[in-house]
Amino acid sequence: QVQLVESGGGLVQAGGSLRLSCAASGRTFSVNAMGWFRRTPGKEREFVGAISWSGGSTYYADSVKGRFTISRDNAKNTVYLQMNSLKPEDTAVYYCAANLYGISTAQSSYSNWGQGTQVTVSS
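As the structure is a computational prediction, the values presented were derived from the model and not from experiment. Counting restarts for each chain, with residues numbered from 1 along the sequence as it is written. Two thresholds apply to this predicted model, a pLDDT of at least 70 for residue-level local features and 80 or more for giving and counting side-chain atom pairs, whereas whole-chain, interface and lining totals are computed over all residues. For side-chain calculations, the full set of non-hydrogen atoms in the structure is used, while hydrogens and water are omitted.

A.B. asks: Lay out unusual backbone geometry in plain terms, naming residues and giving numbers.
C.D. replies: The phi dihedral of N77 falls on the positive side, at around 50°, and the residue is not glycine. A run of DSSP states H or I qualifies as a helix once it reaches four residues; a run of E qualifies as a strand once it reaches two. Both are numbered from the N-terminal end. Following the sequence through the fold, N77 ends up in the loop between strand 7 (68-73) and strand 8 (78-83).

A.B. asks: Quick one: what's the story with the pattern of salt bridges, residue by residue and with numbers?
C.D. replies: Side chains carrying opposite charge are able to pair once their charged atoms draw close together. Between Lys or Arg on one side and Asp or Glu on the other, a salt bridge is scored when a side-chain nitrogen of the former is within 4 Å of a carboxyl oxygen of the latter. If you walk through the whole model with that rule in mind, you get 4 salt bridges. A single salt-bridge network, built from bridges that share partners, covers R38, E46, R67 and D90.

A.B. asks: Lay out the environment of Q107 with the relevant residues and their values.
C.D. replies: Within the element layout of this structure, Q107 appears in the loop between strand 9 (92-99) and strand 10 (112-113). Classification of Q107 as partly exposed rests on a relative accessible area of 26%. It is 8.2 Å that separates the C-alpha atoms of Q107 and E46, two residues lying 61 residues apart in sequence. In this analysis, two residues are considered to be in contact whenever any of their non-hydrogen atoms come within 4.5 Å of each other. Excluding residues within four positions of it along the chain, Q107 makes contact with F37, R45, E46 and W113. In the analysis that follows, any N or O atom pair within 3.5 Å is treated as a polar contact, provided that within protein one partner can donate a hydrogen and the other can accept it, and provided that, for residues neighboring in sequence, both atoms belong to side chains. A polar atom in the side chain of Q107 sits 2.6 Å from the backbone oxygen of R45. To sort residues, take the accessible area from a 1.4 Å probe on protein chains only and compare it with the maximum for the residue type: under 20% means buried, over 50% means exposed, and anything in between is partly exposed.

A.B. asks: Help me get a handle on the environment of Q118, residues and values and all.
C.D. replies: Along the chain, Q118 turns up in strand 11 (residues 117-122). With a relative accessible area of 39%, Q118 lands in the partly exposed category. Expressed as a C-alpha distance, the spacing of Q118 and Y80, which sit 38 residues apart in the sequence, is 15 Å. Leave out the neighbours within four places in its chain, and Q118 touches G9, G10, T91, A92 and V93. Within the structure, the side chain of Q118 is placed 3.4 Å from the backbone oxygen of A92, a separation counted as a polar contact.

Everything listed is a geometric property; what it means functionally is a separate question.
This is how it looks when you write it as structure tokens:
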């Protein structure tokens, strides 16, 4: 099992920045990719982006491309989501998730999830 803990959420004004962290523990050697997802009230959880655990390849949803950046520090078993130029529509609970196979946009392919961290962007 892989345990994931997100942190770094909060309240920020539109145009501002936040960096989320996702610390992984447990069987991290089995992880091949990490993803970020978000959920807003009344909507289904959506894919934000993902990074391969070893190669550093990344993939982003069109809605965040150019504004969000995912990085990882393997020595710390931590993945980051740097969010710039935030918009009110980015307000959501953000989740990180572990994928044992590779980068994917499909939630069903992720086997372990964090508890989520709230990001609120005020206009």
